[in-house]
Amino acid sequence: TLALRDALPSYQVLDAWVGGINTGAIDEVVGLYHDCAVLLPTFSNRRLANSADIRGYFETLFKHDDVRVSLHEKTLVSLALTDSVHSMSGIYCWQMEIEGDPLSFEARFSVVLNLQATAPIVHHHSSQVPRML
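Reading guide: rules and limits
Residues numbered from 1 in each chain as written. Predicted model: local features only at pLDDT ≥ 70, side-chain atom pairs only at ≥ 80, totals over all residues. Heavy atoms only, no water. Helix = DSSP H or I, 4+ residues; strand = E, 2+ residues; numbered from the N terminus. Phe/Tyr/Trp six-rings, centres within 6.5 Å; stacked < 30°, edge-to-face > 60°. Buried < 20%, exposed > 50% of the residue type's maximum accessible area, 1.4 Å probe, protein only. Salt bridge = Lys/Arg side-chain N within 4 Å of Asp/Glu carboxyl O. Expected span 1.5 Å × (residues − 1). Contact = heavy atoms within 4.5 Å. Core = buried A, V, L, I, M, F, W, Y, C linked by side-chain atoms within 4.5 Å.

Caption draft 1: Representation of the environment of T118 within the structure. Position of T118 among the secondary structure elements: in the loop between β5 (101–114) and β6 (121–128). T118 sits 86 residues away from L32 along the chain, and the two C-alpha atoms are 7.5 Å apart.

Caption draft 2: Seen up close, the packing of aromatic side chains. Across all of its chains, the model carries eight aromatic pairs by this definition. Seen in terms of ring centroids, W17 and W94 are 5.8 Å apart; in terms of plane orientation they differ by 85°. Their pairing is edge-to-face. Remark: W94 occurs in strand β4 (residues 85–98) and W17 occurs in helix α2 (residues 9–23); sequence separation between them is 77 residues. Overall, W17 belongs to the buried group, its relative accessible area being 2%. Residue W94 is classed as buried on the basis of its relative accessible area of 1%. Here the aromatic rings of Y57 and F58 are separated by 5.1 Å at their centres, their planes lie at 75°, and the arrangement is edge-to-face. The two residues Y57 and F58 agree in class, both being buried. Grouped by ring-pair contacts, the aromatic residues W17, F43, Y92, W94, F105 and F109 constitute a single cluster.

Caption draft 3: How the structure looks around the pattern of salt bridges. One pass over the full model with this rule turns up four salt bridges. One salt bridge in this structure joins R68 and D66, with 2.5 Å as the shortest N-O distance. One network of salt bridges, in which partners are shared, links D27, R55 and E59.

Caption draft 4: Structural detail: α2. An ideal rise of 1.5 Å per residue puts 21 Å on 15 residues; α2 measures up with 21 Å between its terminal C-alpha atoms. Inspection of α2 places S10, Y11, V13, L14, W17, V18, G20 and I21 among the buried residues, and these make up the whole buried set. Among the residues trailing α2, G24 stands out with phi positive, at a value near 70°.

Caption draft 5: Structural detail: the environment of R46. The topology assignment puts R46 in the loop between β1 (33–40) and α4 (51–61). The spatial distance from the C-alpha of R46 to the C-alpha of Y57 is 9.8 Å, given a sequence separation of 11 residues. When neighbours within four sequence positions are excluded, R46 is seen to be in contact with L39, L40, P41 and D53.

Caption draft 6: Region of interest: the nonpolar core. Membership of the largest hydrophobic core comes to 33 residues, with the highest contact counts inside it found for W17, I21, Y33, F58, Y92 and W94. The set of elements that each furnish at least two residues to this core consists of α2, α3 (26–31), β1, α4, β2 (65–71), β4 and β5. The biggest single contributor to this core is α2, with six residues. When residues no more than four places from it in sequence are discounted, the contact partners of Y92 are W17, T42, V69, S70, L71, H72, F105, E106, A107, F109, H124 and S126.

Structure below.
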């Protein structure tokens, strides 16, 4: 239920990430990633493993107009691995304008969160949903 969802800290982190993306708040978004976090991003073939590279990825992404992301709520799964370490996965949709054309990209994602850390995202993997054969 939504009340349960809203009470879970893992969802609060995810909501903060989505909110930061949707308002273009790069500092907020990057601030959610732990200093030793690994990001396997949607729109890059590189593994990003430090704050400078993660910031650079989001700065490049936000050079496009009207960057937004929306969650497919029914796909979200949160799993408590320990009291403070949670795993989340689901599907989100990136939307942005590239050279004046509105485009959208469905992507699957997983994150590992250390909810005791100020910057709780320790691992984030995202990849575009492939076309079905």
